[in-house]
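# Commentary on secondary and tertiary structure
Each chain is listed here by its residues.
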Amino acid sequence: MDLDLKDRTFLVTAASRGLGFSVAKALVNEGAEVIICGRNEESLKKATSSLGELAEYYVADLSKKEDVQSLVKKIATNILLLDGLFVNAGGPPPGTFSKLTDDDWRKAFDLTLMSAVWLTRETIPLLKMSDSSSILFSTSVSVKQPIDNLLLSNAIRPAVIGMMRTLATELAPDYIRVNAICPGYIQTERVDELLSASESAEENITVKIPLKRIGKPDEFGPVAAFLMSPVSSYIHGALLLVDGGLYQGMM
Ligand code: NAD
């Protein structure tokens, strides 16, 4: 299927590795131009050179409003429009209620919710200029079902879904589609670290997944590319789980 992504331009955030990188790779494979960002210039250089000449990078810490504003300002000096924004950032730290401090909560709020607010606000003028644009918020299966020891993710990510569902109405007049994608367990560096915690860690997770395995990044990136492509022109306000069946609720 031709996703009609050739010569379209996307901003994929937190993409020097992991899920963001898998999305950038899938878009580039379809002929799209991709702008990636992250905090570490060396990792971004490496990622960009492996993506090839359709990719470029900017350094930005998404938990800082001024970094997000200056990121989009720099992008806007080089391009007239954006066809899509993939909203992604590092995950908030694990922890239970009794261990987390106010500072942990505030930092997680900025990283997980406010980064999505700032990225959306700053890119709307560029997205409005495209004939087919969309915002795809990457969250987690935790918006459907809490994950043990990930209180900050369980509490703050659902707010991103609330924003997405509201923006689906508010941005429709500007023809900007808005959706969310919710990974379960996809084998990125972050998940590798989680799995290395103990010998039984992988089995403890896969036993709960009907497909009985962790997903691969190449099973995530192309799905995100599809959702941001013109082929998905009637998918709006939707939330798609990419979790091997982990979430088993009816709704
Ligand atoms: P990862 O650690 O492999 O990659 C995270 C990327 O985000 C890196 O490129 C890192 O440099 C960048 N990053 C981190 N903090 C940043 C910041 N403040 N500003 C800019 N860039 C920043 O992680 P991943 O597995 O790709 O996960 C990405 C997001 O998806 C995280 O929020 C994670 O919690 C969430 N998630 C992942 C999974 C999974 O299975 N991999 C499942 C559910 C949710």
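Residues numbered from 1 in each chain as written. Predicted model: local features only at pLDDT ≥ 70, side-chain atom pairs only at ≥ 80, totals over all residues. Heavy atoms only, no water.

By volume, the second largest pocket amounts to about 240 Å³. Lining the second largest pocket are 13 residues; nearest its centre among them are S16, R17, G18, F21 and E189. When contributions to the lining of the second largest pocket are tallied by element, the ones reaching two or more residues are helix 1 (18-29), helix 2 (41-51) and helix 6 (189-195). Counting residues per element, the lining of the second largest pocket draws most heavily on helix 2, which supplies four residues. Split by residue class, the lining of the second largest pocket holds three nonpolar, six polar and four charged. (1 Å grid on protein atoms, 1.4 Å probe; cavity = no way out; pocket = protein on both sides within 12 Å on 5 of 7 lines; lining within 4 Å. Points joined across faces, edges and corners; volume = space filled by probe spheres on them. Helix = DSSP H or I, 4+ residues; strand = E, 2+ residues; numbered from the N terminus. Nonpolar A, V, L, I, M, F, W, Y, C, P; charged D, E, K, R; others polar.)

Attention now goes to the packing of aromatic side chains. Across all of its chains, the model carries one aromatic pair by this definition. Arranged with centres 6.4 Å apart and planes meeting at 75°, the rings of F86 and F220 form a pair that is edge-to-face. With a gap of 134 residues between them, F86 in strand 4 (residues 84-87) and F220 in the loop between helix 7 (201-206) and helix 8 (221-228) connect regions that are remote in the sequence. (Phe/Tyr/Trp six-rings, centres within 6.5 Å; stacked < 30°, edge-to-face > 60°.)

All right, on to the nonpolar core then. Of all hydrophobic cores here, the largest spans 40 residues; its most connected members are L11, L71, I75, L119, I135 and F137. Element by element, the count of residues in this core is highest for helix 4 (residues 102-128), at ten residues. Ignoring any residue separated from it by four or fewer positions in sequence, one finds F137 in contact with V87, A116, T120, V160, M163, M164, L167, V178, N179, A180 and I181. Counting residues in each nonpolar core, the second largest holds 29 residues, with L3, F10, V12 and I181 among its members. (Core = buried A, V, L, I, M, F, W, Y, C linked by side-chain atoms within 4.5 Å. Buried < 20%, exposed > 50% of the residue type's maximum accessible area, 1.4 Å probe, protein only. Contact = heavy atoms within 4.5 Å.)

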